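Geometric and topological summary
Here's the letter readout for the chains.
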Amino acid sequence: MDSTENLGLIAAHLGLDLVAVTLLTFGVFHPRHRRRELVPAYLALNVSLFAVVAALGRMGNDGGLALGFGLFGVLSIVRLRSDAVQHQEVAYYFTTLVLGLLCGLPGLGLGVAAGLAVVLLLVMYVADHPRLYARERRAVVTLDVVHRDAGALREDLRLRLGEPLGWIVREVDYVRDLMVVDVRYREPGTGSVSESATAAGAAGASAWEPAAVRNGARVPAATEPVR
């Protein structure tokens, strides 16, 4: 009878876990990010962690110690490379991991686990909503000029992208007169897009001519024919 009750409890917790991780991956993550290759990783990590926690949590007196070592082993093999996975996707990794832990713990009631899972889903739904900071972007830009003044760099980035919120200069090449900038910026509104483009086009010739002249070249004016 105890074995049947244990199986029923595990099945109920597993059902809760599958519902929660399905809503997270197919209801929130995939429609917003379209990273199909990460969906199996999230599902596999969640269900595998649930199975490990559910099994080790029912080993008796040594279950807690075994659970700790087991979780340490599971987490040590999860490698998140920052160049391949964005910070939002890392957040989904940890959420799927925590869902597996909550739903797999044998001492945690089904109602408590369901409530905590709902809280996690709501937090991810709101925190990663497309309308939240919808106009803020990040880009790595290679400029064909080296700006020595922060104000000139800000103005150049504003004309090209939008209002800069912050940037990091990744590389400066004085030989080729290039600089690589990792910039976070706010896109201009609908009404100011044409104004920014017009301003950028009007200031284009005069903005780049001093840098070109310093390198020994000359950029013809906008109305001057190229010979």
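Residues numbered from 1 in each chain as written. Predicted model: local features only at pLDDT ≥ 70, side-chain atom pairs only at ≥ 80, totals over all residues. Heavy atoms only, no water.

Turning next to the confidence of the model for the protein. Here the protein averages 75 in pLDDT, while 68% of its residues score no lower than 70. The lowest-confidence element of the protein is helix H7 (residues 193–214), averaging 42 in pLDDT; the highest-confidence one is helix H5 (residues 110–127), averaging 92. Note that pLDDT drops below 50 for residues 192–227; the model gives that stretch 19 contacts with residues more than four away or on any other chain. (pLDDT = per-residue confidence, 0-100. Helix = DSSP H or I, 4+ residues; strand = E, 2+ residues; numbered from the N terminus. Contact = heavy atoms within 4.5 Å.)

Attention now moves to the pairing of strand E2 (residues 163–173). Direction of pairing for E2 relative to strand E3 (residues 178–186): antiparallel, over a ladder of 9 bridges. Considered in E3, the bridge of Asp173 is made with Leu178. From the end of E2 to the start of E3, which pair antiparallel, there are 4 residues, and Asp177 there has a positive phi angle of about 60°. (Pairing = 2+ DSSP bridges.)

The first and last C-alpha atoms of helix H2 (residues 38–56) sit 27 Å apart over 19 residues, in line with the 27 Å expected at 1.5 Å per residue. Within the sequence span of H2, burial applies to Leu38, Val39, Tyr42, Leu45, Asn46, Leu49, Phe50, Val53, Ala54 and Leu56. (Expected span 1.5 Å × (residues − 1). Buried < 20%, exposed > 50% of the residue type's maximum accessible area, 1.4 Å probe, protein only.)

Counting residues in hydrophobic clusters, the biggest one holds 17 residues, and the most contacted among them are Leu24, Phe29, Tyr42 and Tyr92. Listed by contribution, the elements that provide at least two residues to this core are helix H1 (2–33), H2, helix H4 (87–104) and H5. If one sorts the elements of this core by residue count, H2 sits on top with 6 residues. If you look at the next biggest cluster of nonpolar residues, it comprises 9 residues, including Val141, Val145, Met179 and Val183. (Core = buried A, V, L, I, M, F, W, Y, C linked by side-chain atoms within 4.5 Å.)

Time to look at the packing of aromatic side chains. Applying the stated criterion across every chain, the model contains 4 aromatic pairs. These aromatic residues form a ring-pair network of at least three members: Phe29, Tyr42, Tyr92 and Tyr93. (Phe/Tyr/Trp six-rings, centres within 6.5 Å; stacked < 30°, edge-to-face > 60°.)

This brings us to the environment of Ala55. Structurally, Ala55 can be placed in helix H2. With 50 residues separating them in the primary sequence, Ala55 and Leu105 have C-alpha atoms 9.3 Å apart.

Here we take up the packing of H4 against H5. Their axes nearest at 10 Å, the elements H4 and H5 cross at an angle of 175°. By the angle class used here, H4 and H5 are roughly antiparallel. Residues Ala91, Tyr92, Thr95, Val98, Leu99 and Leu102 of H4 form the contact with H5, whose own contacting residues are Ala113, Leu116, Ala117, Leu120 and Met124. (Axes fitted to C-alpha atoms, helices over the stretch in contact; angles between N-to-C directions. Parallel < 35°, antiparallel > 145°, perpendicular 65-115°, else oblique.)

Moving on to unusual backbone geometry. Positive phi values are uncommon outside glycine, yet Arg34 reaches one of about 55°. Tracing the backbone through its elements, the reader meets Arg34 in the loop between H1 and H2. Accessibility expressed as a relative area gives 59% for Arg34, which makes it exposed. At Asp177, a residue that is not glycine, the phi angle is positive and equals roughly 60°. Structurally, Asp177 can be placed in the loop between E2 and E3. Under the relative-accessibility criterion, Asp177 is labelled buried at 16%.

Within a sheet, neighbouring strands are paired by backbone hydrogen bonds and run either parallel or antiparallel to one another. Across the sheet, which stays open at both edges, the 3 strands sit in the order E1-E3-E2 with antiparallel pairing between neighbours. In this open sheet, the two edge strands, each paired with only one partner strand, are strand E1 (136–143) and E2. Adjacent strand axes in the sheet meet at a mean angle of 15°, parallel and antiparallel pairs treated alike. Of the strands in this sheet, E1, E2 and E3 are in contact with helix H6 (residues 150–160), which crosses E2 at around 110°.

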